[in-house]
Amino acid sequence: MTREEKSQVIQDLTAVLADTNTLYLADISGLNAQTTSNLRRACFKAGIQLSVVKNTLLAKAMEASDKEFGDLPTVLKGNTSMMISEAANAPAKLIKEFRKKGTIPLLKGAFAEESVYIGDDQLDALVDIKSREELIGEIIGLLQSPAKNVISALQSGGQTISGILKTLSEK
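Quantities reported herein were computed from a predicted structural model and do not represent experimental measurements.

Rules behind the numbers
- Note on numbering: residues in each chain are counted from 1, in written sequence order.
- Where totals are concerned, whole chains, interfaces and linings use all residues; where local detail is concerned, this predicted model gives features only for residues with pLDDT of at least 70, and gives and counts side-chain atom pairs only at 80 or more.
- Computation of side-chain values: all heavy atoms of the structure, hydrogens and water removed.
- The helix and strand labels rest on DSSP assignments: H or I over at least four residues marks a helix, E over at least two residues marks a strand, and numbering proceeds from the N terminus.
- For the exposure calls, accessible area comes from a 1.4 Å probe over protein chains only, and a residue counts as buried if that area is under 20% of its type's maximum, exposed if over 50%, partly exposed in between.
- The Shrake-Rupley method, run with a 1.4 Å probe, gives the accessible areas here. Residue values count only the displayed protein chains as cover.
- For helices, the fitted axis covers only the stretch in contact; all axes are lines through C-alpha atoms, and the angles between them, taken along N-to-C directions, range from 0 to 180 degrees.
- Reported orientations rely on four angle classes, namely roughly parallel under 35 degrees, roughly antiparallel over 145, roughly perpendicular from 65 to 115, and oblique for the rest.
- Helix crossings get a hand from a simple test, with the near helix turned counterclockwise from the far one by less than a right angle marking a left-handed crossing and a clockwise turn marking a right-handed one.
- By the convention used here, residues are in contact when the closest approach between their heavy atoms is within 4.5 Å.
- Think of a nonpolar core as a cluster: buried Ala, Val, Leu, Ile, Met, Phe, Trp, Tyr and Cys residues, connected wherever their side-chain atoms sit within 4.5 Å.
- When DSSP locates at least two bridges between a pair of strands, those strands are taken to pair.
- Throughout this description, the term salt bridge denotes a Lys or Arg side-chain nitrogen within 4 Å of a carboxyl oxygen of Asp or Glu.

Some thoughts on the overall build of the protein chain
Phase 1: The helix and strand tally for the protein chain stands at seven helices and five strands.
Phase 2: Mapped in sequence order, the helices and strands of the protein chain form the string α-β-α-β-α-β-α-β-β-α-α-α.
Phase 3: The burial tally for the protein chain puts 37% of its 171 residues in the buried class.
Phase 4: Carbon and sulfur atoms form 54% of the exposed surface of the protein chain, whose accessible area is close to 10700 Å².

Some thoughts on the packing of helix α1 (residues 3-19) against helix α3 (residues 55-64)
Phase 1: Axis separation between α1 and α3 bottoms out at 8 Å; the angle between their running directions is 55 degrees. Regarding the angle of α1 to α3, the classification is oblique. Read as a crossing pair, α1 and α3 show a hand that is right-handed. Two secondary-structure elements touch here, α1 through Lys6, Val9, Ile10, Leu13, Thr14 and Leu17 and α3 through Leu57, Leu58, Lys60, Ala61, Met62 and Ala64.

Re the nonpolar core
Nonpolar side chains in soluble globular proteins tend to be buried together.
Phase 1: By size, the foremost hydrophobic cluster in this structure holds 23 residues, and its most contacted members are Tyr24, Leu39, Cys43, Met83 and Leu126.
Phase 2: Of all the secondary-structure elements, those providing two or more residues to this core are β1 (22-27), α2 (33-45), α4 (90-98), β4 (106-112) and α5 (123-127).
Phase 3: Ranked by residue count, the leading element in this core is α4, at five residues.
Phase 4: For Met83, the contacting residues outside a window of four places in its chain are Thr22, Leu23, Tyr24, Ala26, Cys43, Ile48, Gln49, Leu50, Pro91, Leu94 and Ile95.
Phase 5: Among the nonpolar cores identified, the runner-up in size contains 18 residues, and Leu17, Val53, Leu58 and Phe69 belong to it.

Examining the pairing of β4
Phase 1: With six of seven residues buried, β4 lies mostly within the body of the structure.
Phase 2: Across six bridges, β1 lies against β4 in antiparallel orientation. By the bridge assignment for β4, Leu25 is matched with Gly109.
Phase 3: Pairing of β4 with strand β5 (residues 115-118) involves four bridges; the strand directions are antiparallel. Looking at the pairing, Ala112 lines up with Ser115 of β5.

Re the pattern of salt bridges
Phase 1: In this structure the tally under the stated criterion is three salt bridges.
Phase 2: When the shortest N-O distance is used, the salt bridge between Lys96 and Asp124 registers 2.3 Å. You can see Lys96 sitting in helix α4 and its partner Asp124 sitting in helix α5, a full 28 residues away along the chain.
Phase 3: Lys96 gets classed as partly exposed once you look at its relative accessible area, which sits at 36%.
Phase 4: Classification of Asp124 by relative accessible area gives partly exposed; the value is 43%.
Phase 5: Between Arg99 and Asp120 there is a salt bridge, with the nearest N and O atoms lying 2.6 Å from each other. Separated by 21 residues along the polypeptide, Arg99 in the loop between α4 and β4 and Asp120 in the loop between β5 and α5 bring together distant segments of the chain.

It is worth stressing that arrangement in space is one thing and function is another; only the former is reported here.
This is how it looks when you write it as structure tokens:
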């Protein structure tokens, strides 16, 4: 690879890093062709971009990026695959589901929700991160609960004004 080609790859990786808020680094070495194909298929279905990267070029792209990746470049050793997703917990869920059949892929580290996670032991913490849709659903549920209580109280108070006022005063 020439210097110009390396420079272009670093620029491309820097642009990718600038456009994402979720980056997982995993080790998928040791997977056979069939299992690798299954992992790639599962990533595609989950909306996760999976690509193998050269450690030195990714480290230089992280240095050139405006984002603070903390100690994440320290895990760039050996085989490294980059997983990029819109949802912060999607790659973690996919890795956890995929590992029910084996021990690979191994999580090296992740950058999710502007936080850095180092090591495979952080997988459960990453799975527990709530996606934007999950948070919105919980907020809507919390907001609907008081409204439902008032409506049910109004309905149980009868159809008279005095019954409704009595029910509201009790609430």
